[in-house]
Amino acid sequence: MKTKIEEIDGKFIVTLEGEMDTAAAEQAEKELKVLYKSEGKDVIIECGGLEYIASSGLRILILILKGAKANGSKVTLKNVNDDIMNVFKLTGFTTLFDFE
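Counting starts from 1 at the beginning of each chain's written sequence and moves along it residue by residue. Residues qualify for local features only when their pLDDT is at least 70, as the model is predicted, and side-chain atom pairs are given and counted only at 80 or more; totals for whole chains, interfaces and linings, by contrast, use all residues. Water and hydrogen atoms were dropped before computing side-chain values, which therefore reflect all heavy atoms in the structure.

**As for unusual backbone geometry**
Then, number 1: Phi at Asp-9 is positive, roughly 50 degrees, even though this residue is not glycine.
Then, number 2: By the secondary structure assignment, Asp-9 is in the loop between β1 (2-8) and β2 (11-20).
Then, number 3: In this scheme, a residue with accessible area under 20% of its type's maximum is buried, one over 50% is exposed, and one in between is partly exposed, where area comes from a 1.4 Å probe on protein chains only. Given a relative accessible area of 74%, Asp-9 falls into the exposed group.
Then, number 4: If you check the backbone angles, Asn-79 has positive phi at about 55 degrees while not being a glycine.
Then, number 5: A helix here means a DSSP run of H or I that spans at least four residues, while a strand means a run of E at least two residues long, and both kinds are numbered starting from the N terminus. Residue position: Asn-79 is located in the loop between β4 (75-78) and α3 (82-91).

Structure, rendered in structure tokens:
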């Protein structure tokens, strides 16, 4: 699992690649924890390279969303593949996030 965070034009751009399974989610959370307080900046999460997400990965995304909303920001998930979109649909998370 690879994560990358950049700040571009006042937004956090996050790139996720690989499988965010339970084992990888622990390290990913350490790297993404800075986004729990988005400082009023929108967060764009590029999921084009994300192949799998476990419930522990979903929890991380929810914590990012919670922090962003508390600061008046939004979280957008981009390029989510069909398999991961099905996970979002099954969990009801499609109503929580913005998708592009």
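Read on, since the account is not over.
**Section: the sheet that holds strand β5 (residues 98-99)**
Then, number 1: Taken in spatial order, the 5 strands make up an open sheet running β1-β2-β3-β4-β5, and their pairing is mixed. On the outer flanks of this sheet lie β1 and β5, each paired with one strand and no other.
Then, number 2: Pairing between strands is defined by DSSP: at least two bridges between the two strands are required. Inspection of the sheet shows β1 paired to β2 by 7 bridges, in the antiparallel sense. Its bridge partner being in β2, Glu-6 is matched across the sheet by Ile-13.
Then, number 3: Packed onto the sheet, helix α2 (residues 55-70) meets β2, β3 (43-53) and β4 and runs at close to 175 degrees relative to β3.
Then, number 4: Those strands touched by α3 are β3, β4 and β5, and its axis lies near 105 degrees from that of β3. Note on contacts: a residue pair qualifies if any of its non-hydrogen atoms lie within 4.5 Å across the two residues. For helices, the fitted axis covers only the stretch in contact; all axes are lines through C-alpha atoms, and the angles between them, taken along N-to-C directions, range from 0 to 180 degrees.

**Some remarks on the pattern of salt bridges**
Then, number 1: Salt bridges are defined as contacts in which a side-chain nitrogen from Lys or Arg sits within 4 Å of a carboxyl oxygen from Asp or Glu. If you walk through the whole model with that rule in mind, you get 5 salt bridges.
Then, number 2: For Arg-59, the salt bridge is made with Glu-29, and the minimal N-O distance between the two is 2.8 Å. With a gap of 30 residues between them, Arg-59 in helix α2 and Glu-29 in helix α1 (residues 22-32) connect regions that are remote in the sequence.
Then, number 3: Using a relative accessible area of 40% as the deciding quantity, one classes Arg-59 as partly exposed.
Then, number 4: Taking the relative accessible area as the measure of exposure, Glu-29 reaches 19% and is therefore buried.
Then, number 5: Note that Glu-100 is salt-bridged to Lys-78, the shortest N-O span being 3.9 Å. Residue Glu-100 is located in the segment after β5, and its partner Lys-78 is located in strand β4; the two are separated by 22 residues in the primary sequence.
Then, number 6: According to the relative accessible area criterion, Glu-100 is exposed, its value standing at 62%.
Then, number 7: Note on Lys-78: relative accessible area 27%, which makes it partly exposed.
Then, number 8: Three or more residues are tied together by salt bridges with common partners; here these are Glu-7, Glu-39 and Lys-41.

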